[in-house]
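Summary of structural features
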Amino acid sequence: MTWLRDTGAAISPFASFQLIQGLETLPLRMKQHCANARIVAGVLKEHPKVRRVFYPGLFEGADREIVEQTLNTAYGHGAMVMFEVEDELAGRKFIQNIDLMYHVSNVGDARTLVTHPVSTTHTTVPREKREAAGVFGGSIRLCVGIEDVNDILRDLDKALSAI
């Protein structure tokens, strides 16, 4: 009943067309998302202002084995990259200095999306619970898009240089 209430009795023809178009191009888009995310994660891992990077393609040991068993690595390791800067203030400053990336809390867009969870999605979560889940004051979440990866890297470097 919830689905019926929210969407109506039938999907519109145009919405159906858009859904089909999106599904038909999904494999192409995911390859680009994953390729860009792999490059972004590697660059962030080497950046002096980045404390840690969480990206399945960088996992080692038992975590790496789990990734290899659960992901189709022919496509890559996903588009989500989480990294940490010094503290909450640095995280906020990072967000204030982005240009290309969109500061939103959703995922799955063709564009690169970025959020600072402590000041958005996790503001009401008690610190102990937040940190137990791996979300710290300086945590930044990227959902890497399909733009030219050099544009993404320039925007990251600009924002990191500001902190």
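Please refer to the structure higher up on the page.
Definitions and cut-offs
Residues numbered from 1 in each chain as written. Predicted model: local features only at pLDDT ≥ 70, side-chain atom pairs only at ≥ 80, totals over all residues. Heavy atoms only, no water. Helix = DSSP H or I, 4+ residues; strand = E, 2+ residues; numbered from the N terminus. Buried < 20%, exposed > 50% of the residue type's maximum accessible area, 1.4 Å probe, protein only. Contact = heavy atoms within 4.5 Å. Lys, Arg positive; Asp, Glu negative; His and termini not counted. Charge placed at Lys NZ, Arg CZ, Asp CG, Glu CD. Salt bridge = Lys/Arg side-chain N within 4 Å of Asp/Glu carboxyl O. Expected span 1.5 Å × (residues − 1). Bend = angle between axes of the 7 residues up to and from the residue. Phe/Tyr/Trp six-rings, centres within 6.5 Å; stacked < 30°, edge-to-face > 60°. Lys NZ or Arg CZ within 6 Å of the ring centre and 35° of its normal.

Another aspect to go through is the overall build of the chain. Scanning the chain from N- to C-terminus turns up 6 helices and 5 strands. Helices and strands appear in the chain in the N-to-C order α-α-β-α-β-α-β-β-α-β-α. If you line up the chain on its principal axes, its C-alpha atoms span 50 × 35 × 35 Å. Relative to its full complement of 163 residues, the chain shows a buried share of 33%. A separation of at least 24 residues holds for 69% of the contacts in the chain among residues at least 6 apart in sequence. Computed over 18 positive and 20 negative side-chain charges, the separation of the two mean positions in the chain equals 3 Å.

Right, let's get into the pattern of salt bridges. Taken as a whole and judged by the stated rule, the model has 7 salt bridges. Note that Arg52 is salt-bridged to Glu84, the shortest N-O span being 2.9 Å. A residue pair is termed long-range when its members are at least 10 positions apart, and Arg52 in strand E1 (residues 52-54) and Glu84 in strand E2 (residues 80-84) qualify at 32 residues. Salt-bridge contacts for Arg127 lead to Glu131; the nearest nitrogen and oxygen are separated by 2.9 Å. Of this pair, Arg127 and Glu131 both sit in helix H5 (residues 127-132), 4 residues apart, which is roughly one turn of the helix.

Time to look at helix H2 (residues 13-46). The end-to-end C-alpha separation of H2 is 48 Å, in line with the 50 Å expected for 34 residues at 1.5 Å each. Of all the bends in H2, the greatest reaches close to 50° and is centred on Leu26; the proline Pro27 follows between one and four positions later. Within the span of H2, buried status applies to His33, Cys34, Asn36, Ala37, Val40, Ala41 and Leu44. Residues of H2 that are buried in the fold lie against E1, E2, strand E5 (139-143) and helix H6 (149-161).

Moving on: the packing of aromatic side chains. In total, this model carries 2 aromatic pairs according to the counting rule given. Their ring planes at 80° and their centres at 5.6 Å tell us that Phe83 and Phe94 sit as a pair that is edge-to-face. In this pair, Phe83 is assigned in strand E2 and Phe94 in helix H4 (residues 88-96), connecting sequence segments 11 residues apart. For Phe94, a relative accessible area of 0% corresponds to the buried category. Sitting above the plane of the Tyr102 ring, Arg111 keeps its charged end 4.0 Å from the centroid.

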